[in-house]
Amino acid sequence: MNTAHCTALAAALTLLAPAAHAQSQSTPARPAGPPAPPTWVLTVGVAPIVAPAWQGSRDTAFSIFPDIRLAYKDAVFASVQEGLGWNAINRDGWKIGPIARLRFGRRESTGGSPFLVAGGSDALRGFGNVGLAGEFGGFVQYSPDRRLALRTEVRQGTGGHEGLVAEPSIRFTDRAGAFRYSLTARSTFASAKYTQVYFGVTPDQAARAGLTAYQTGSGLVSAGLGGTLTRPLGSRGQHGALTLLAGYDRLGNAAANSTLIRERGRRDQFTLGLAYGYRFTWK
């Protein structure tokens, strides 16, 4: 799953989670006032998405991404899309802590992730497969109010790539009648050890794929915009929620100058999907 897919899906399922829920056990009556937040939250979702087969591809693929998210209070969170993290500092609008993420591999035969259902690309034949990567680092998020969140993550990769990745973003969320929506401006910067794995062309790859060899550098990998629109199903979302998500990202020079992108790819990347999610809460 590339960065754009992950960011869009995470934003969508973050929005739908508060709208869709089922209380796992009854609780005693409380005095009037704001309800106490649940101790545990489990969100189960699925998202069919149409997007480029691989980041930078001109070919389209259809994938179905699963989503299982577990959160303990507002402290620890874990999911396929957002990784495993801990809000070690969580006060006055600030959230700061460690985070670990998975970056799924890339298959040269189709260009797709393990969640590929249809479509794909043969533009990567001769490049070899890229394995699963773990990324470990930290994040800082500041929210001056409940609608705006400014966030930056910095992570070091291991396994599929050994590069350094930084992802700053700004997200705005609000309500419009029965709908909730989000708008996100995002970008990804990375070191040469990252960009070479996903966009570089080694001499051996060049000979097998029929391209000119290219050594990438560090810098901007991509920048773009994403949006989600969520509609709870049933009264107060007891039947879950549907979220429409869309995104546009443009590759930066660190990726787009590669002969792989110039000859077989495309800088402009579009994503469209629909997510369904259901939330369970308990004390």
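Look a little higher up for the structure.
Residues numbered from 1 in each chain as written. Predicted model: local features only at pLDDT ≥ 70, side-chain atom pairs only at ≥ 80, totals over all residues. Heavy atoms only, no water.

**A word on the overall build of the chain**
When you go through the chain residue by residue, the secondary structure sums to five helices and 15 strands. A burial count over the chain gives 46% of its 283 residues as buried. Sequence separation of 24 or more characterises 63% of the internal contacts of the chain that already satisfy a separation of 6 or more. Counting only carbon and sulfur atoms, one obtains 61% of the accessible surface of the chain, whose full area is about 13,400 Å². (Helix = DSSP H or I, 4+ residues; strand = E, 2+ residues; numbered from the N terminus. Buried < 20%, exposed > 50% of the residue type's maximum accessible area, 1.4 Å probe, protein only. Contact = heavy atoms within 4.5 Å. Areas by Shrake-Rupley, 256 points an atom, 1.4 Å probe, with all protein chains shown as cover.)

**Observations regarding the nonpolar core**
The biggest cluster of nonpolar side chains holds 24 residues, and the ones touching the most others in it are Trp54, Phe127, Tyr194, Phe199 and Leu260. At the level of secondary structure, the elements contributing two or more residues to this core comprise α2 (192-199), α3 (203-209), α4 (253-256) and α5 (259-264). At three residues, the largest contribution of residues to this core is made by α2. Among the nonpolar cores identified, the runner-up in size contains eight residues, and Ala47, Ile49, Phe65 and Leu245 belong to it. (Core = buried A, V, L, I, M, F, W, Y, C linked by side-chain atoms within 4.5 Å.)

**As for the pattern of salt bridges**
Counted under the stated rule, the structure contains 11 salt bridges. We note a salt bridge from Arg69 to Glu82, for which the minimum N-O separation is 2.9 Å. With Arg69 in strand β3 (residues 60-72) and Glu82 in the loop between β4 (76-79) and β5 (83-86), the pair connects residues that are 13 residues apart, well separated along the chain. According to the relative accessible area criterion, Arg69 is buried, its value standing at 12%. Between Arg250 and Asp268 there is a salt bridge, with its nearest N and O atoms 2.8 Å apart. Note that Arg250 is positioned in strand β14 (residues 241-251) and Asp268 in strand β15 (residues 268-282), a separation of 18 residues in sequence. Owing to a relative accessible area of 37%, Arg250 belongs among the partly exposed residues under this scheme. On the accessibility criterion, Asp268 (23% relative accessible area) is partly exposed. (Salt bridge = Lys/Arg side-chain N within 4 Å of Asp/Glu carboxyl O.)

**Focus on the packing of aromatic side chains**
Overall, the coordinates contain 10 aromatic pairs when judged by the stated rule. Centroid distance Tyr194 to Tyr198: 4.8 Å. Interplanar angle 40°. Geometry classified as tilted. Linking Tyr194 with Tyr198, this pair stays in helix α2, spanning four residues, or about one helical turn. In this pair, the class of Tyr194 matches that of Tyr198, namely buried. (Phe/Tyr/Trp six-rings, centres within 6.5 Å; stacked < 30°, edge-to-face > 60°.)

**What about the environment of Ala185?**
Relative to the helices and strands, Ala185 is located in strand β12 (residues 179-190). You can call Ala185 partly exposed: its relative accessible area is 35%. As a C-alpha pair, Ala185 and Gly226 span 41 residues in sequence and 6.6 Å in three-dimensional space. The residues contacting Ala185, other than those within four sequence positions of it, are Pro168, Ser169, Ile170, Gly224 and Leu225.

**Topic: the pairing of β3**
In terms of strand pairing, strand β2 (residues 40-52) meets β3 through 13 bridges, oriented antiparallel. Residue pairing across strands places Leu42 opposite Leu70, the latter belonging to β3. Two elements, β3 and strand β8 (residues 116-119), share three bridges in a ladder whose sense is antiparallel. The residue bridging Ser63 from the neighbouring strand is Leu116, located in β8. Where β3 and β4 come together, four bridges link them in antiparallel fashion. When the sheet's bridge partners are listed, Ala71 is paired in β4 with Phe77. Taking the residues that link successive antiparallel strands as the turn, the β3-β4 hairpin has three residues, and the phi of Lys73 there is positive, at about 50°. (Pairing = 2+ DSSP bridges.)

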